[in-house]
Amino acid sequence: MKAFSELCWQLEQSSNLEKKKRVLIPYFNSVSREDAAWSVFLICGRRLKPSFQSSKLKNFAAEVSPFDDELLHESCTAVGDTAEALAFLIADSSLSEFELKSLSDWMNAISAALRSDDLSKQKEFVFSAWKALGELERLCFNRILLGSMKIDLSPKELIEILAEMSGQSAQQIALKLESKWRVSEEFFEALISSSGYENSALSYPFASAADRTDKGLPEDITSYLAEWKWDGIRAQLVKRRDSIAIWSGKGELLNERCLELISAAEELPDDTVLDGEILGWKDADVLPFADLELRFKTRKLSPKASAEVALVFMAFDILEDSGEDVRSLPLLERKDRLSQLISSRRKRAASEFEQLSLFSPCSLQLNPSLKLSPVFQLENTEQFQELLKDAEQMKVEGLLLKKKDSSYHCESELNWLKIESPGKTLEAVLISVEYGSGTKSRKIVAYHFAVWKNAELIRVCKIRAEDSDEWQDKIAEFVKSNTIKRFGPLCSIKPELVFQISSKSIVSSELQSSGVALRKPVIIKLLGERASSNS
Amino acid sequence: MASSKESLLIRSDAGLYCPQGDFFIDPLKPVDKALVTHAHSDHARSGSRQYLTAAEGKHVMRSRLGSKAMIETIAYGERCNIGGVNVSFHSAGHVLGSAQIRLEYRGQIWVVSGDYKTKYDPTCSGFEQLQAHCFITESTFGLPIYRWPSSESVASEINSWWAENQSEGRCSVVFAYSFGKAQRVMSMLDESIGPIYVHPAVDELNKQYIASGCKLPSYGAIGEKSAGNGALLGLSLFPKAMVIAPPSVFGSDWCNQLGDFSPAFASGWMRIRANRKRQAMERGFIVSDHADWDELNQVIQESGAQEIIVHHGYVGPLVRDLRRRGFNASSFASRGRDLSTLSGKSPKLDRERSNSDWLQEDS
């Protein structure tokens, strides 16, 4: 426990990943495998269940503390964290030598105490622990009891450090952490051992498309297939016998956020790898990216977001087909295999449905989360232009052209070309600016824009400030003399500076407070000052 | 309990007032006679006709109140008579020249603590424990969560952080209030590690400290961004340097000229993790020029006072806890009122202050 509390303290003092590495690696090397496993458990944000209510711990503290309830309460309020306040309020005594030493001993003992239904035993345990522990250790102890451990190391950083420490890829570590595991010596051993995971659900390198938006179409358009360029999160879905993984293009494991896609993938044959786009979906229609983002931007997935935004995996390529690496096959053949795979899955589900319906009238929901992205054969460029016009109704970013005979190649971008739909422009008024933190605390880092609607301002988007912005000085000047209110980093100003803004798409959205979602907005130019406007 | 008639001090709009001697202590508004405990700006305000302050703080007080202010000084422990009240100033150990003010009138002794600390600080005289009938104490950190680590352990933390930054070629910047805190932090530094620089605002106070006979490590000042200045000081020195600057310049152009640096904040509020996180600096060092919970209680105990008035900071909690332990304690607001009206009423203003204005701990 001492080493672990020291680790937490050291991590708080470490301002960058490099320093954290210098703290964590020696820690893992010096503690037992089991302690290391428990540390991973806590760093990943897992907690022992059930945990104490903070009021319970406060009541315990009231019995041994020299202070009255009110002073305890006021102290907790001032600290804003019960575990921390109580760690400060219990006097250091280090009276009793506790037989518990290692983190594992402590975790097991705490776990037993938490599950015990004997209040006096729980109390006795907590009291003697407080007596035996120093302040930093008490802090950790309280946090473990309350299930409110705070460690200045994100799971992502942990993955990176473990990868470096064990000579594995970050993806391998992420997969192992994602699989079901219990704290044990063996778990940590397996986590840092690079052998025995040949068949793991890693992603393949992603193929990417070259941007042809402003460069015109290729001459031999008939040798290409066209498909929608969906506006979602690019991902590979990997199905193995005992694991399923969904990887983002940036190499992040998305499983936690995509539970419905994981269960949809259960129906795929083993050793299948699909490439596609994760989309937000509602009422048989794709949702704007801003709505999809609601599922991914918070650290914990909120039940509200998962209820309102269903996910769909829009598959457009197959990289491994029942164990066979098909990346070098021509695109047309891969498309065939993909559509067979998805439609046979459909068929099977449909036949099950028929059998069931013989016995009960209830309707069986087909798993709609796995979809096949449609493809278009092109005969001439006019057809392409027609499609591009439709792109807007389809709420996609544009079109992709993929060479029919090309393999799935990640080095050459010339096999895949993307052509985006022209953006939209609107006039919006600057309502507030946002200052940075730390060394940027006097610098404007973002602008917030709104539009007028029935004499009311509706905030529509935030745009990051770039150093190259020519309007930067003008805005800074304006802010100086037109500030209404400063709240934290946000500074509201008189809504008088009007800009022209361009956005990839403007879609109505029920989930955004403004009712519209702008995609990748950029400022085009400063239109001038206007007292009020109907833009 | 002393009735308000016998009170040597009452609280008025303009601050603590002694009707017998017709003078104010740390007045909030311009008055005729102002007795000032120390030169922090929430205690020493300009505009009064006459000031009386401790001799040790002569230079800092002058630099704060301006060259035209009429300032008289008196040595610690020396007595003078103001309107029949016997007045003396005694070291409070808070910052250079800080004083507790002792009032004696017809056998009654009242002591106003001003801001104080009892822990050792080489940049000012040590705290003098006084006896009084009524002791008026500050309570900036009047909650039991506030207990300071020893100066030695904080000093070694700061120095090893400095050495670590140096090994990475980064400048270390401690943001500390320019009067008192900055000098205290400087006194903790190990000069053998590297060069020490200060912001001009700190430099100005340092000069007053040195003029008052305080020993500080040798240092250079980094001026406002001006042509040639950086070259003069040799920018290459900064990667090894420790820089002390007031918190208000964090993020300013002045800071930007330092290049890459590791920012840290020195304050008693850094005891709380949320405060350390909130200020967007890499480190928070617990350095306070106020008494912590234990010091407050010890000083109150040893004052032998029959009556305690808590005047500033976490008033409610300390008053209630003192009463619980049998002291006759009150705040000016509640003085003379029944305990029941006080209990459970933690003054909202005090709490707000501690949450939002902690950057100005000592201003």
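What counts as what
- Residues numbered from 1 in each chain as written.
- Chains lettered and ligands numbered in written order.
- Predicted model: local features only at pLDDT ≥ 70, side-chain atom pairs only at ≥ 80, totals over all residues.
- Heavy atoms only, no water.
- Helix = DSSP H or I, 4+ residues; strand = E, 2+ residues; numbered from the N terminus.
- Buried < 20%, exposed > 50% of the residue type's maximum accessible area, 1.4 Å probe, protein only.
- Contact = heavy atoms within 4.5 Å.
- Areas by Shrake-Rupley, 256 points an atom, 1.4 Å probe, with all protein chains shown as cover.
- Salt bridge = Lys/Arg side-chain N within 4 Å of Asp/Glu carboxyl O.
- Buried area = accessible area lost by both parts, 1.4 Å probe.
- Polar contact = N/O pair within 3.5 Å; in protein donor to acceptor, adjacent residues only side chain to side chain.
- Nonpolar A, V, L, I, M, F, W, Y, C, P; charged D, E, K, R; others polar.
- Pairing = 2+ DSSP bridges.
- Axes fitted to C-alpha atoms, helices over the stretch in contact; angles between N-to-C directions.
- Core = buried A, V, L, I, M, F, W, Y, C linked by side-chain atoms within 4.5 Å.
- Patch = residues over 30% accessible without salt bridge, like charges linked within 9 Å, V, L, I, M, F, W, Y side chains within 5 Å.
- Lys, Arg positive; Asp, Glu negative; His and termini not counted.
- Charge placed at Lys NZ, Arg CZ, Asp CG, Glu CD.
- Parallel < 35°, antiparallel > 145°, perpendicular 65-115°, else oblique.
- Left-handed = near helix turned anticlockwise from the far one by under 90°.
- pLDDT = per-residue confidence, 0-100.
- Phe/Tyr/Trp six-rings, centres within 6.5 Å; stacked < 30°, edge-to-face > 60°.
- Lys NZ or Arg CZ within 6 Å of the ring centre and 35° of its normal.

Quick look at the overall build of chain B
Counting secondary structure elements, chain B contains 11 helices and 19 strands. When burial is assessed residue by residue, chain B has 60% of its 363 residues classed as buried. Considering only intrachain contacts with a sequence separation of at least 6, the fraction spanning at least 24 residues in chain B is 60%. Counting every atom, chain B has about 13,800 Å² of accessible surface; 50% of that belongs to carbon and sulfur.

Some details on the pattern of salt bridges
Throughout the structure, instances matching the rule amount to 49 salt bridges over all chains. Here A:Lys19 ties to B:Glu168 by a salt bridge, and the two come within 3.6 Å at their closest N and O atoms. Note that A:Lys19 is positioned in helix α2 (residues 17-30) and B:Glu168 in the loop between α2 (151-167) and β12 (171-175), a pairing that runs across two chains. Accessibility expressed as a relative area gives 7% for A:Lys19, which makes it buried. A salt bridge links B:Lys119 to B:Glu295; the nearest nitrogen and oxygen atoms lie 3.1 Å apart. Here B:Lys119, found in the loop between β10 (108-112) and β11 (134-139), pairs with B:Glu295, found in helix α8 (residues 293-302); they are 176 residues apart in sequence, far enough to count as distant. Residue B:Lys119 is classed as partly exposed on the basis of its relative accessible area, which comes to 27%. Overall, B:Glu295 belongs to the buried group, its relative accessible area being 4%. Connected via shared salt-bridge partners are A:Asp68, A:Glu70, A:Glu74, B:Arg320, B:Asp321, B:Arg324 and B:Arg325.

Some words on the interface of chain A and chain B
Counting residues at the interface gives 29 residues for chain A and 34 residues for chain B. For the pairing of chain A and chain B, the buried interface totals around 2,800 Å² over both sides, and the portion due to carbon and sulfur atoms is 47%. For the interface between chain A and chain B, the tally reads 12 salt bridges. A:Asp152 is paired through a salt bridge with B:Arg273; the nearest N and O atoms lie 3.1 Å apart. For the pair chain A and chain B, the interface holds 12 residue pairs in polar contact (both at pLDDT 80 or more). Mapped by element, the contributors of at least two residues to the side of chain A that touches chain B are α1 (2-13), α2, α5 (69-79), α6 (82-89) and α9 (135-146) of chain A. Take the side of chain A that touches chain B: its biggest share by element is seven residues, from α5(A). Looking at the side of chain A that touches chain B residue by residue, the class counts come to nine nonpolar, eight polar and 12 charged.

Considering the sheet that holds strand β17 (residues 283-285) of chain B
Residue and element names in this part refer to chain B. Pairing within the open sheet is parallel, and its six strands lie in the order β14-β13-β15-β12-β16-β17. The open sheet has two edge strands, β14 (220-221) and β17, and neither has a second partner. Strands β12, β13 (196-198), β15 (242-245), β16 (261-266) and β17 of the sheet are contacted by α2, whose axis makes an angle of about 150° with β17.

Points about the nonpolar core
Membership of the largest hydrophobic core comes to 134 residues, with the highest contact counts inside it found for A:Phe4, A:Trp106, A:Ile110, A:Phe125, A:Phe141, B:Ile145 and B:Phe175. A:Ala235, A:Leu254, A:Ile278 and A:Leu311 belong to the second largest nonpolar core, which has 26 residues in total.

Focus on the pairing of strand β18 (residues 497-503) of chain A
Residues and elements named next belong to chain A. Of all seven residues in β18, six are buried, a share of seventy percent or more. With six bridges joining them, strand β13 (residues 424-435) and β18 adopt antiparallel strand pairing. Directly across from Leu 426, in β18, lies its bridge partner Ile 501. Bridging between β18 and strand β21 (residues 522-529) involves six bridges; their strand directions are antiparallel. Bridge pairing links Leu 497 to Glu 529 in β21.

Observations regarding unusual backbone geometry
All names here are of chain A. The residue after Lys 49, namely Pro 50, is reached through a cis peptide bond having omega -5°. With respect to the helices and strands, Pro 50 occurs in the loop between α3 (33-43) and α4 (54-64). For Ser 322, which is not glycine, the phi torsion reads 45° and is therefore positive. By the secondary structure assignment, Ser 322 is in the loop between β7 (310-321) and β8 (324-325). Here Lys 395, not a glycine, exhibits a phi torsion of approximately 55°, which is positive. Structurally, the position occupied by Lys 395 is in the loop between α17 (381-393) and β11 (398-403). Residue classification places Lys 395 among the partly exposed positions, given a relative accessible area of 31%.

Comments concerning the sheet that holds strand β1 (residues 210-211) of chain A
Residues and elements named next belong to chain A. Strand order in this open sheet of five strands is β1-β12-β11-β2-β10, and the pairing throughout is mixed. Looking at which strands have only one partner, the edges of the open sheet turn out to be β1 and β10 (375-377). Examined bridge by bridge, strand β2 (residues 224-229) and β11 share six bridges and lie antiparallel to one another. Bridged to Trp 228 within β11 is Leu 399. Packed onto the sheet, α17 meets β2, β10, β11 and β12 (416-420) and runs at close to 140° relative to β11.

Observations regarding the environment of A:Leu294
All names here are of chain A. Inspection of the secondary structure assignment puts Leu 294 in helix α14 (residues 289-296). For Leu 294, a relative accessible area of 24% puts it in the partly exposed group. The sequence separation of Leu 294 and Cys 76 amounts to 218 residues, and the corresponding C-alpha distance is 33 Å. Among residues more than four places away in sequence, those in contact with Leu 294 are Ala 305 and Leu 511.

A closer look at α14(A)
α14(A) sits mainly inside the fold: six of its eight residues count as buried. Within the span of α14(A), buried status applies to A:Phe289, A:Ala290, A:Asp291, A:Leu292, A:Arg295 and A:Phe296.

As for a positive patch on the surface
Where like charges cluster on the molecular surface, the positive patch consists of A:Arg46, A:Arg47, A:Lys49 and A:Lys300. One can find A:Lys49 in the loop between α3 and α4.

A word on the packing of α5(A) against α6(A)
Residues and elements named next belong to chain A. Contact pair α5 / α6: the axes reach a minimum separation of 8 Å and the direction vectors enclose 125°. Accordingly, the angle class assigned to the pair α5 and α6 is oblique. Crossing geometry of α5 relative to α6 is assigned as right-handed. Between α5, through Leu 72, Ser 75, Cys 76 and Val 79, and α6, the contact on the second element is made entirely by Thr 82, Glu 84, Ala 85, Leu 86 and Leu 89. The residue makeup of the contact of α5 with α6, split by class, is six nonpolar, two polar and one charged.

A few points about the confidence of the model for chain A
All names here are of chain A. Mean pLDDT over chain A stands at 85; residues scoring 70 or higher make up 91%. Per-element confidence in chain A is highest for α3, whose mean pLDDT is 96, and lowest for helix α16 (residues 331-359), whose mean pLDDT is 71. Contacts of residues 355-366 to residues separated by more than four positions or lying in other chains number five contacts, the stretch itself having pLDDT below 50.

Regarding the packing of aromatic side chains
Tallied over the full model, the rule gives 29 aromatic pairs over all chains. Consider the rings of A:Phe28 and A:Phe188, whose centres lie 5.1 Å apart with planes at 40°: the pair is tilted. Placement of A:Phe28 in helix α2 and of A:Phe188 in helix α12 (residues 185-192) is noted, with a sequence separation of 160 residues between them. For A:Phe28, a relative accessible area of 0% puts it in the buried group. Since its relative accessible area comes to 0%, A:Phe188 is described here as buried. Cluster of aromatic residues (ring-pair linked, three or more members): B:Phe141, B:Tyr146, B:Trp148, B:Trp269 and B:Tyr314. Note that A:Lys402 overlies the ring of A:Trp416, its terminal NZ or CZ placed 3.7 Å from the centroid.

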